[in-house]
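# Report on the structure
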Amino acid sequence: MFLNWFKIILIFLILTACQSGENQLDLIEKDLLSYGIPITLQMPDSAQIKTMDWGTQKDITILSPTDWYSLQLFSSMATNHNMDAVKAEYLELAQENPYFQRVVSEDPDGFIYELVIDSLTNYDFRHIKIQGDKEYVFQAGMYGTYTLDQIEQLYQISKSAK
């Protein structure tokens, strides 16, 4: 009897220890000022940062080659300083996507939503920061599919940006 309990506990411990850490990220804080954005953000040390200046908008893509971390940040002049109105615009844009299914969660400055493409569920988010005359919009990287757990982590990283 004791041996059976021991085996059950041992199997439980092995399964717990063997769970993949695929969603666990080892992050550092990085200042993006040298890329033209006065924001400090958490990212993997191995992350590659690419910028594109579209004139009226800057696009910063942060991609880690060693894990699933992929974040995109857009910077532009703020045309509206009313956060409710700005968020409503981004929510409406997300809902116009033909693959949009539902809003998973919502905060005063952002939201997480679900997409279903050919029966495959994917998640994305928008987080908005308005600082002075600039508007910063965070979202998951354009290429890739994300679990809800991964999107929640990227959303929290975006919310903690300074």
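Note: the structure precedes this text.
Conventions adopted
- Residue numbers run consecutively from 1 along every chain, following the written order of its sequence.
- Where totals are concerned, whole chains, interfaces and linings use all residues; where local detail is concerned, this predicted model gives features only for residues with pLDDT of at least 70, and gives and counts side-chain atom pairs only at 80 or more.
- The basis for every side-chain value is the complete set of non-hydrogen atoms in the structure, without hydrogens or water.
- Centre distance within 6.5 Å is the pairing criterion for rings of Phe, Tyr and Trp, where only the six-membered ring of Trp is used; planes under 30 degrees apart are then read as stacked, over 60 as edge-to-face, and the remainder as tilted.
- Exposed residues in this analysis have more than 50% of their type's maximum accessible area, buried residues have under 20%, and partly exposed residues fall in between, with area computed by a 1.4 Å probe over protein chains only.
- Counting from the N terminus, the helices are the DSSP runs of H or I reaching at least four residues and the strands are the DSSP runs of E reaching at least two.
- Whether two strands pair depends on DSSP finding at least two bridges between them.

In this section: the packing of aromatic side chains. Scanning the entire structure with this criterion turns up three aromatic pairs. Where phenylalanine 111 meets tyrosine 113, the ring centres are 5.7 Å apart and the plane angle is 40°; that geometry is what we call tilted. For phenylalanine 111, a relative accessible area of 0% translates into the label buried. With relative accessibility at 3%, the residue tyrosine 113 sits in the buried group. Judged by centre distance (5.6 Å) and plane angle (70°), the rings of phenylalanine 125 and tyrosine 155 are edge-to-face. Pair noted here: phenylalanine 125 is in strand β8 (residues 120-131) and tyrosine 155 is in helix α3 (residues 148-159), with a separation of 30 residues, a long-range link. In this pair, the class of phenylalanine 125 matches that of tyrosine 155, namely buried. Through a chain of ring-to-ring contacts, the aromatic side chains of Phe100, Phe111 and Tyr113 assemble into a single cluster.

This part takes up the pairing of strand β5 (residues 70-77). Within β5, seven of the eight residues are buried, leaving the element largely enclosed by the surrounding structure. Here strand β4 (residues 57-63) pairs with β5 via seven bridges, running antiparallel. Each residue of the ladder has a partner; that of glutamine 57, found in β5, is serine 76. The hairpin formed by β4 and β5 contains six residues between the paired strands. Relative to strand β9 (residues 134-140), β5 runs antiparallel, the two being bridged by seven bridges. Paired with methionine 77 across the two strands is lysine 134, which belongs to β9.

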